[in-house]
Amino acid sequence: MEQLNREDTLILAIESSCDETAASVVKNGREVLSDVIYTQIALHTRFGGVVPEIASRKHIEKINQVIEQALEDAGVGLSDITAIAVTYGPGLVGALLVGVAEAKAISFATGIPLVGVHHISGHISANYIEHRELEPPFLCLVASGGHSHLVNVRDYGEYDIIGRTRDDAAGEAFDKVARAIGLGYPGGPKIDSLAREGNPDAIPFPRAKVAENEYDFSFSGLKSAVLNYLNSCQMKGEEVNRADVAASFQKAVTDVLTEHSLHAAESLGCRKFAIAGGVASNSSLRRAFEQECAARGIEFFYPSPRYCTDNAAMIGAAGYYEYKRGVCHGYDLNAVPNLKL
Ligand code: KG4
Ligand code: ZN
(Lines give C-alpha, C1' and ligand atoms only; values in the text may rest on other atoms or scores of the structure.)
(Ligands and ions follow the chains in the order given, each with its own letter.)
Protein backbone atom coordinates (compact mmCIF):
# COMPACT_ATOMS: atom_id res chain seq x y z
CA MET A 1 0.00 0.00 0.00
CA GLU A 2 1.20 3.51 -0.83
CA GLN A 3 1.93 5.61 2.29
CA LEU A 4 -0.30 8.68 1.99
CA ASN A 5 -0.60 11.86 4.02
CA ARG A 6 -3.95 13.54 4.46
CA GLU A 7 -2.75 16.57 2.53
CA ASP A 8 -1.62 14.50 -0.49
CA THR A 9 -3.57 15.09 -3.70
CA LEU A 10 -3.97 11.96 -5.81
CA ILE A 11 -5.13 12.28 -9.38
CA LEU A 12 -6.45 9.31 -11.34
CA ALA A 13 -5.74 10.28 -14.96
CA ILE A 14 -7.21 8.82 -18.15
CA GLU A 15 -5.94 9.38 -21.71
CA SER A 16 -7.58 7.96 -24.86
CA SER A 17 -7.31 10.72 -27.49
CA CYS A 18 -5.58 8.64 -30.18
CA ASP A 19 -4.18 5.12 -30.20
CA GLU A 20 -3.01 4.61 -26.61
CA THR A 21 -5.39 3.58 -23.82
CA ALA A 22 -3.69 4.92 -20.71
CA ALA A 23 -4.33 5.44 -17.00
CA SER A 24 -2.09 6.70 -14.22
CA VAL A 25 -2.11 7.73 -10.57
CA VAL A 26 -0.10 10.88 -9.88
CA LYS A 27 0.67 12.27 -6.42
CA ASN A 28 0.84 16.05 -5.90
CA GLY A 29 1.28 16.73 -9.61
CA ARG A 30 4.82 15.43 -9.87
CA GLU A 31 5.15 11.90 -8.50
CA VAL A 32 3.97 9.07 -10.76
CA LEU A 33 2.67 6.19 -8.62
CA SER A 34 1.58 4.17 -11.65
CA ASP A 35 1.63 4.60 -15.41
CA VAL A 36 -0.20 2.01 -17.53
CA ILE A 37 -0.28 2.26 -21.32
CA TYR A 38 -1.98 -0.19 -23.63
CA THR A 39 -0.65 0.75 -27.06
CA GLN A 40 -2.66 -0.11 -30.15
CA ILE A 41 0.23 0.61 -32.55
CA ALA A 42 0.50 -3.00 -33.75
CA LEU A 43 -3.21 -3.01 -34.67
CA HIS A 44 -2.90 0.09 -36.86
CA THR A 45 0.50 -0.64 -38.46
CA ARG A 46 -0.98 -2.76 -41.26
CA PHE A 47 -3.18 0.19 -42.31
CA GLY A 48 -0.25 2.64 -42.34
CA GLY A 49 -1.83 4.93 -39.75
CA VAL A 50 -4.47 5.14 -37.02
CA VAL A 51 -7.94 3.91 -38.05
CA PRO A 52 -10.34 5.92 -35.82
CA GLU A 53 -13.09 3.28 -35.66
CA ILE A 54 -10.66 0.53 -34.60
CA ALA A 55 -9.09 2.87 -32.03
CA SER A 56 -12.46 3.63 -30.38
CA ARG A 57 -13.43 -0.02 -30.17
CA LYS A 58 -10.13 -1.05 -28.67
CA HIS A 59 -10.33 1.75 -26.09
CA ILE A 60 -13.74 0.42 -24.99
CA GLU A 61 -12.32 -3.08 -24.66
CA LYS A 62 -9.24 -2.05 -22.67
CA ILE A 63 -10.12 0.98 -20.58
CA ASN A 64 -11.47 -0.77 -17.47
CA GLN A 65 -8.50 -3.14 -17.30
CA VAL A 66 -6.03 -0.29 -17.73
CA ILE A 67 -7.64 1.77 -14.92
CA GLU A 68 -7.80 -1.21 -12.55
CA GLN A 69 -4.14 -1.92 -13.27
CA ALA A 70 -3.18 1.72 -12.61
CA LEU A 71 -4.91 1.67 -9.19
CA GLU A 72 -3.38 -1.70 -8.33
CA ASP A 73 0.16 -0.67 -9.37
CA ALA A 74 -0.16 2.51 -7.28
CA GLY A 75 -1.38 0.48 -4.29
CA VAL A 76 -4.44 2.69 -3.83
CA GLY A 77 -8.20 2.42 -4.15
CA LEU A 78 -10.77 4.85 -5.57
CA SER A 79 -11.44 6.08 -2.02
CA ASP A 80 -7.87 7.52 -1.95
CA ILE A 81 -8.36 9.51 -5.19
CA THR A 82 -8.87 13.28 -4.90
CA ALA A 83 -9.90 14.00 -8.50
CA ILE A 84 -10.26 12.26 -11.86
CA ALA A 85 -8.51 13.96 -14.77
CA VAL A 86 -9.38 13.05 -18.34
CA THR A 87 -8.28 14.28 -21.77
CA TYR A 88 -11.35 15.79 -23.46
CA GLY A 89 -9.64 17.20 -26.56
CA PRO A 90 -8.17 17.65 -29.04
CA GLY A 91 -8.08 14.21 -30.67
CA LEU A 92 -10.25 11.62 -32.40
CA VAL A 93 -13.81 12.18 -31.26
CA GLY A 94 -14.75 8.50 -30.82
CA ALA A 95 -11.52 7.76 -28.98
CA LEU A 96 -11.86 10.79 -26.67
CA LEU A 97 -15.48 9.87 -25.90
CA VAL A 98 -14.45 6.55 -24.38
CA GLY A 99 -12.17 8.20 -21.81
CA VAL A 100 -14.61 11.03 -21.09
CA ALA A 101 -17.59 8.68 -20.61
CA GLU A 102 -15.51 6.43 -18.34
CA ALA A 103 -14.28 9.35 -16.22
CA LYS A 104 -17.80 10.74 -15.89
CA ALA A 105 -19.17 7.33 -14.89
CA ILE A 106 -16.54 6.87 -12.14
CA SER A 107 -17.06 10.43 -10.94
CA PHE A 108 -20.85 10.00 -10.87
CA ALA A 109 -20.66 6.68 -9.03
CA THR A 110 -18.14 7.87 -6.40
CA GLY A 111 -18.63 11.64 -6.14
CA ILE A 112 -14.94 12.22 -6.94
CA PRO A 113 -14.54 15.59 -8.75
CA LEU A 114 -14.03 15.51 -12.51
CA VAL A 115 -11.36 17.62 -14.25
CA GLY A 116 -11.16 17.83 -18.06
CA VAL A 117 -7.64 18.32 -19.41
CA HIS A 118 -6.37 19.66 -22.74
CA HIS A 119 -4.08 17.11 -24.40
CA ILE A 120 -1.40 19.73 -25.20
CA SER A 121 -1.46 20.99 -21.62
CA GLY A 122 -0.74 17.36 -20.72
CA HIS A 123 2.24 17.13 -23.09
CA ILE A 124 3.70 20.35 -21.66
CA SER A 125 3.13 19.15 -18.08
CA ALA A 126 5.09 15.95 -18.79
CA ASN A 127 8.11 18.15 -18.06
CA TYR A 128 6.99 18.63 -14.43
CA ILE A 129 7.27 14.90 -13.69
CA GLU A 130 11.05 14.51 -13.94
CA HIS A 131 12.02 18.13 -13.27
CA ARG A 132 10.64 18.86 -9.82
CA GLU A 133 12.34 22.26 -9.92
CA LEU A 134 10.69 23.40 -13.16
CA GLU A 135 8.09 26.10 -12.66
CA PRO A 136 6.50 28.54 -15.12
CA PRO A 137 7.17 30.86 -16.83
CA PHE A 138 8.97 29.02 -19.63
CA LEU A 139 8.73 28.52 -23.37
CA CYS A 140 7.76 25.08 -24.69
CA LEU A 141 7.88 23.52 -28.14
CA VAL A 142 5.13 20.91 -28.47
CA ALA A 143 5.82 18.70 -31.49
CA SER A 144 3.65 15.63 -31.93
CA GLY A 145 1.72 13.73 -34.60
CA GLY A 146 -1.07 16.26 -34.58
CA HIS A 147 0.54 19.49 -33.34
CA SER A 148 3.57 21.74 -33.67
CA HIS A 149 3.09 24.66 -31.32
CA LEU A 150 5.44 27.10 -29.70
CA VAL A 151 3.79 27.90 -26.38
CA ASN A 152 4.55 30.56 -23.81
CA VAL A 153 3.69 28.93 -20.46
CA ARG A 154 2.84 32.01 -18.38
CA ASP A 155 1.71 30.04 -15.34
CA TYR A 156 0.33 26.59 -14.55
CA GLY A 157 -2.47 26.03 -17.08
CA GLU A 158 -2.02 29.50 -18.64
CA TYR A 159 -0.79 29.40 -22.19
CA ASP A 160 -0.20 31.72 -25.16
CA ILE A 161 0.48 30.08 -28.51
CA ILE A 162 3.10 32.27 -30.17
CA GLY A 163 3.87 30.03 -33.17
CA ARG A 164 2.25 27.09 -34.89
CA THR A 165 2.50 24.99 -38.01
CA ARG A 166 0.73 26.37 -41.08
CA ASP A 167 0.22 22.91 -42.57
CA ASP A 168 1.59 19.52 -41.44
CA ALA A 169 2.61 18.81 -37.85
CA ALA A 170 6.25 17.75 -37.42
CA GLY A 171 5.28 14.18 -36.46
CA GLU A 172 2.95 13.96 -39.45
CA ALA A 173 5.88 14.88 -41.73
CA PHE A 174 8.00 12.15 -40.08
CA ASP A 175 5.18 9.62 -40.61
CA LYS A 176 4.60 10.59 -44.28
CA VAL A 177 8.30 10.58 -45.20
CA ALA A 178 8.76 7.24 -43.41
CA ARG A 179 5.92 5.77 -45.44
CA ALA A 180 7.43 7.12 -48.68
CA ILE A 181 10.76 5.39 -48.00
CA GLY A 182 9.01 2.19 -46.95
CA LEU A 183 9.60 2.29 -43.20
CA GLY A 184 5.97 1.97 -42.05
CA TYR A 185 4.03 3.45 -39.12
CA PRO A 186 4.83 5.17 -36.79
CA GLY A 187 7.58 6.79 -38.80
CA GLY A 188 9.31 8.98 -36.21
CA PRO A 189 11.21 6.31 -34.26
CA LYS A 190 12.09 4.43 -37.49
CA ILE A 191 13.53 7.52 -39.18
CA ASP A 192 15.37 8.34 -35.94
CA SER A 193 17.20 5.00 -35.96
CA LEU A 194 17.82 4.75 -39.74
CA ALA A 195 19.19 8.34 -39.74
CA ARG A 196 22.07 7.17 -37.50
CA GLU A 197 23.50 5.33 -40.53
CA GLY A 198 23.04 8.26 -42.93
CA ASN A 199 24.69 11.57 -43.79
CA PRO A 200 22.57 14.55 -42.63
CA ASP A 201 24.26 16.83 -45.18
CA ALA A 202 23.84 14.49 -48.17
CA ILE A 203 20.66 16.09 -49.62
CA PRO A 204 19.94 19.84 -49.26
CA PHE A 205 16.22 19.72 -48.36
CA PRO A 206 14.55 23.16 -47.88
CA ARG A 207 14.12 24.94 -44.52
CA ALA A 208 10.88 26.90 -44.88
CA LYS A 209 10.22 30.29 -43.31
CA VAL A 210 6.71 31.72 -42.97
CA ALA A 211 6.66 35.38 -43.97
CA GLU A 212 3.71 36.58 -41.84
CA ASN A 213 4.85 35.16 -38.50
CA GLU A 214 8.53 34.53 -37.84
CA TYR A 215 7.67 31.89 -35.18
CA ASP A 216 5.34 29.81 -37.38
CA PHE A 217 6.45 26.55 -38.99
CA SER A 218 5.68 24.87 -42.30
CA PHE A 219 6.58 21.28 -43.16
CA SER A 220 4.54 20.53 -46.29
CA GLY A 221 7.20 21.99 -48.62
CA LEU A 222 9.85 19.82 -47.00
CA LYS A 223 7.64 16.75 -47.31
CA SER A 224 7.02 17.51 -51.01
CA ALA A 225 10.76 18.05 -51.56
CA VAL A 226 11.47 14.57 -50.16
CA LEU A 227 8.76 13.02 -52.36
CA ASN A 228 10.08 14.88 -55.45
CA TYR A 229 13.61 13.73 -54.68
CA LEU A 230 12.43 10.10 -54.44
CA ASN A 231 10.47 10.42 -57.71
CA SER A 232 13.36 11.96 -59.61
CA CYS A 233 15.72 9.21 -58.40
CA GLN A 234 13.22 6.62 -59.58
CA MET A 235 12.85 8.28 -62.99
CA LYS A 236 16.62 8.47 -63.45
CA GLY A 237 16.92 4.86 -62.35
CA GLU A 238 19.19 5.89 -59.45
CA GLU A 239 19.21 3.87 -56.25
CA VAL A 240 17.99 5.82 -53.20
CA ASN A 241 20.16 5.84 -50.11
CA ARG A 242 17.31 5.69 -47.57
CA ALA A 243 19.57 6.39 -44.59
CA ASP A 244 20.79 9.61 -46.25
CA VAL A 245 17.19 10.65 -46.99
CA ALA A 246 16.19 9.94 -43.37
CA ALA A 247 19.20 11.80 -41.92
CA SER A 248 18.88 14.80 -44.27
CA PHE A 249 15.11 15.10 -43.68
CA GLN A 250 15.56 14.79 -39.90
CA LYS A 251 18.28 17.47 -39.98
CA ALA A 252 15.97 19.83 -41.91
CA VAL A 253 13.16 19.38 -39.34
CA THR A 254 15.61 19.79 -36.47
CA ASP A 255 17.09 22.99 -37.97
CA VAL A 256 13.68 24.58 -38.50
CA LEU A 257 12.40 23.68 -35.02
CA THR A 258 15.53 24.77 -33.16
CA GLU A 259 16.07 28.01 -35.14
CA HIS A 260 12.48 29.23 -34.78
CA SER A 261 12.22 28.19 -31.12
CA LEU A 262 15.48 29.73 -29.98
CA HIS A 263 14.86 32.92 -31.94
CA ALA A 264 11.54 33.19 -30.04
CA ALA A 265 13.21 32.38 -26.70
CA GLU A 266 15.83 35.10 -27.22
CA SER A 267 13.36 37.71 -28.50
CA LEU A 268 11.03 37.11 -25.54
CA GLY A 269 13.89 36.93 -23.05
CA CYS A 270 13.03 33.37 -21.88
CA ARG A 271 15.66 31.75 -19.68
CA LYS A 272 13.95 28.34 -19.60
CA PHE A 273 13.02 26.23 -22.60
CA ALA A 274 11.22 22.85 -22.72
CA ILE A 275 10.20 20.40 -25.43
CA ALA A 276 7.26 17.99 -25.40
CA GLY A 277 5.23 15.61 -27.58
CA GLY A 278 6.20 12.48 -29.52
CA VAL A 279 8.76 14.24 -31.74
CA ALA A 280 10.53 15.54 -28.60
CA SER A 281 11.89 12.01 -28.16
CA ASN A 282 13.86 12.40 -31.41
CA SER A 283 17.56 12.00 -30.62
CA SER A 284 18.82 14.56 -33.17
CA LEU A 285 16.31 17.17 -31.97
CA ARG A 286 17.22 16.66 -28.31
CA ARG A 287 20.93 16.94 -29.05
CA ALA A 288 20.49 20.10 -31.11
CA PHE A 289 18.38 21.81 -28.43
CA GLU A 290 20.83 20.77 -25.73
CA GLN A 291 23.73 22.40 -27.63
CA GLU A 292 21.86 25.51 -28.76
CA CYS A 293 20.37 26.20 -25.33
CA ALA A 294 23.74 25.68 -23.61
CA ALA A 295 25.39 28.11 -26.07
CA ARG A 296 22.84 30.78 -25.10
CA GLY A 297 22.78 30.11 -21.35
CA ILE A 298 19.15 28.93 -21.55
CA GLU A 299 18.12 26.13 -19.18
CA PHE A 300 16.78 23.18 -21.21
CA PHE A 301 14.17 20.65 -20.07
CA TYR A 302 12.84 17.53 -21.79
CA PRO A 303 10.85 14.50 -20.66
CA SER A 304 12.06 10.88 -20.97
CA PRO A 305 10.83 9.31 -24.23
CA ARG A 306 8.10 7.45 -22.30
CA TYR A 307 6.57 10.76 -21.23
CA CYS A 308 7.00 12.38 -24.68
CA THR A 309 4.59 10.10 -26.51
CA ASP A 310 0.99 9.80 -25.33
CA ASN A 311 0.58 8.68 -21.72
CA ALA A 312 -1.76 9.36 -18.79
CA ALA A 313 0.87 10.48 -16.25
CA MET A 314 1.21 13.80 -18.12
CA ILE A 315 -2.59 14.22 -17.91
CA GLY A 316 -2.32 13.59 -14.16
CA ALA A 317 0.34 16.30 -13.81
CA ALA A 318 -1.73 18.81 -15.81
CA GLY A 319 -4.94 17.72 -14.04
CA TYR A 320 -3.37 18.37 -10.62
CA TYR A 321 -2.65 22.03 -11.49
CA GLU A 322 -6.11 22.46 -13.04
CA TYR A 323 -7.69 21.03 -9.87
CA LYS A 324 -5.60 23.36 -7.70
CA ARG A 325 -6.77 26.28 -9.84
CA GLY A 326 -10.36 25.32 -9.00
CA VAL A 327 -11.27 23.75 -12.33
CA CYS A 328 -14.04 21.17 -11.92
CA HIS A 329 -16.26 19.96 -14.76
CA GLY A 330 -19.88 18.86 -14.66
CA TYR A 331 -21.38 15.71 -16.16
CA ASP A 332 -22.05 17.68 -19.34
CA LEU A 333 -18.31 17.48 -20.13
CA ASN A 334 -18.03 16.37 -23.74
CA ALA A 335 -15.25 15.30 -26.08
CA VAL A 336 -14.08 18.29 -28.15
CA PRO A 337 -12.00 17.04 -31.12
CA ASN A 338 -10.67 20.52 -32.04
CA LEU A 339 -10.38 21.96 -28.51
CA LYS A 340 -8.38 25.21 -28.39
CA LEU A 341 -5.56 25.64 -25.88
O1 KG4 B 1 2.56 12.86 -28.87
P2 KG4 B 1 2.27 11.68 -29.69
O3 KG4 B 1 2.42 10.32 -29.07
O4 KG4 B 1 0.79 11.73 -30.25
C5 KG4 B 1 0.13 12.89 -30.63
O6 KG4 B 1 -0.39 13.61 -29.74
O7 KG4 B 1 0.14 13.14 -31.87
O8 KG4 B 1 3.17 11.81 -31.00
C9 KG4 B 1 3.22 10.82 -31.98
C10 KG4 B 1 4.13 11.31 -33.08
C11 KG4 B 1 4.14 10.41 -34.31
O12 KG4 B 1 4.00 11.20 -35.47
C13 KG4 B 1 5.53 9.77 -34.25
O14 KG4 B 1 6.04 9.44 -35.53
C15 KG4 B 1 6.34 10.86 -33.58
O16 KG4 B 1 5.48 11.40 -32.60
N17 KG4 B 1 7.56 10.33 -32.94
C18 KG4 B 1 8.81 10.68 -33.32
C19 KG4 B 1 9.69 9.90 -32.52
N20 KG4 B 1 8.96 9.12 -31.68
C21 KG4 B 1 7.65 9.41 -31.95
N22 KG4 B 1 9.24 11.53 -34.26
C23 KG4 B 1 10.56 11.66 -34.41
N24 KG4 B 1 11.48 10.93 -33.73
C25 KG4 B 1 11.10 10.06 -32.76
N26 KG4 B 1 12.03 9.36 -32.08
ZN1 ZN C 1 -0.12 13.52 -27.95
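Residues numbered from 1 in each chain as written. Chains lettered and ligands numbered in written order. Predicted model: local features only at pLDDT ≥ 70, side-chain atom pairs only at ≥ 80, totals over all residues. Heavy atoms only, no water.

Counting its secondary structure elements, the chain contains eleven helices and ten strands. Relative to its length of 341 residues, the chain is compact, with a C-alpha radius of gyration of 20 Å against a globular reference of 20 Å. In terms of overall dimensions, the chain has a C-alpha envelope of 65 × 45 × 35 Å along the principal axes. For the chain, the proportion of its 341 residues judged to be buried stands at 55%. (Helix = DSSP H or I, 4+ residues; strand = E, 2+ residues; numbered from the N terminus. Rg over C-alpha atoms; globule rule 2.2 N^0.38 Å. Buried < 20%, exposed > 50% of the residue type's maximum accessible area, 1.4 Å probe, protein only.)

In this structure the tally under the stated criterion is twelve aromatic pairs. Between Tyr320 and Tyr321 the ring centres are 4.9 Å apart and the planes differ by 85°, which places this aromatic pair in the edge-to-face class. Across the pair, Tyr321 and Tyr320 agree in class, each one buried. Members of the aromatic cluster, connected to one another through ring pairs, are Tyr128, Phe138, Tyr156, Tyr320 and Tyr321. The ring of Tyr38 has Lys62 sitting right over it, with the charged end atom 4.7 Å from the ring centre. (Phe/Tyr/Trp six-rings, centres within 6.5 Å; stacked < 30°, edge-to-face > 60°. Lys NZ or Arg CZ within 6 Å of the ring centre and 35° of its normal.)

We now examine the sheet that holds strand E1 (residues 10-15). The strands making up a sheet associate through backbone hydrogen bonding, with each pair oriented either parallel or antiparallel. Read across the open sheet, the five strands follow the order E3-E2-E1-E4-E5; overall the sheet is mixed. Single-partner strands in this sheet number two, and they are strand E3 (31-39) and strand E5 (114-118). Between one strand axis and the next, the sheet turns through 20° on average, direction left out of account. For strand E2 (residues 20-27) and E3, the ladder comprises eight bridges, and the chain directions are antiparallel. (Pairing = 2+ DSSP bridges. Axes fitted to C-alpha atoms, helices over the stretch in contact; angles between N-to-C directions.)

The five strands are arranged E8-E7-E6-E9-E10 in an open sheet whose pairing can be described as mixed. Because the sheet does not close on itself, it has two edges, and the strands there are strand E8 (158-164) and strand E10 (299-301). Neighbour-to-neighbour, the strand axes of the sheet open up by a mean angle of 25°, direction not taken into account. Pairing geometry for strand E6 (residues 138-143) and strand E7 (residues 148-155), over six bridges, is antiparallel. What sits directly across from Leu141, in E7, is Leu150. The sheet contacts of helix H8 (residues 242-268) involve E6, E7, E8 and strand E9 (272-276), and relative to E6 the element is tilted by about 160°. (Contact = heavy atoms within 4.5 Å.)

Only His119 (NE2), His123 (NE2) and Asp310 (OD) from the protein reach the zinc ion (ligand 2) as donors, at distances of 2.0 to 2.1 Å. For the zinc ion (ligand 2), the four donor atoms are set out with angles of 95 to 132° between them, so the coordination reads as tetrahedral. Each donor residue of the zinc ion (ligand 2) lies on one chain, and together they are spaced H-x3-H-x186-D. Remark: Asp310 occurs in the loop between helix H10 (305-308) and helix H11 (313-324) and His119 occurs in helix H4 (residues 119-130); sequence separation between them is 191 residues. Residue His119 shares its accessibility class with Asp310, and that shared class is buried. (Donors = N, O, S within 2.8 Å, 3.2 Å for Na, K, Ca; no water. Tetrahedral: all angles 85-135°; square planar, octahedral: opposite > 155°, others 65-115°.)

Here Pro204 lies in the loop between helix H6 (187-195) and helix H7 (220-236). The class of Pro204 is exposed, set by a relative accessible area of 75%.

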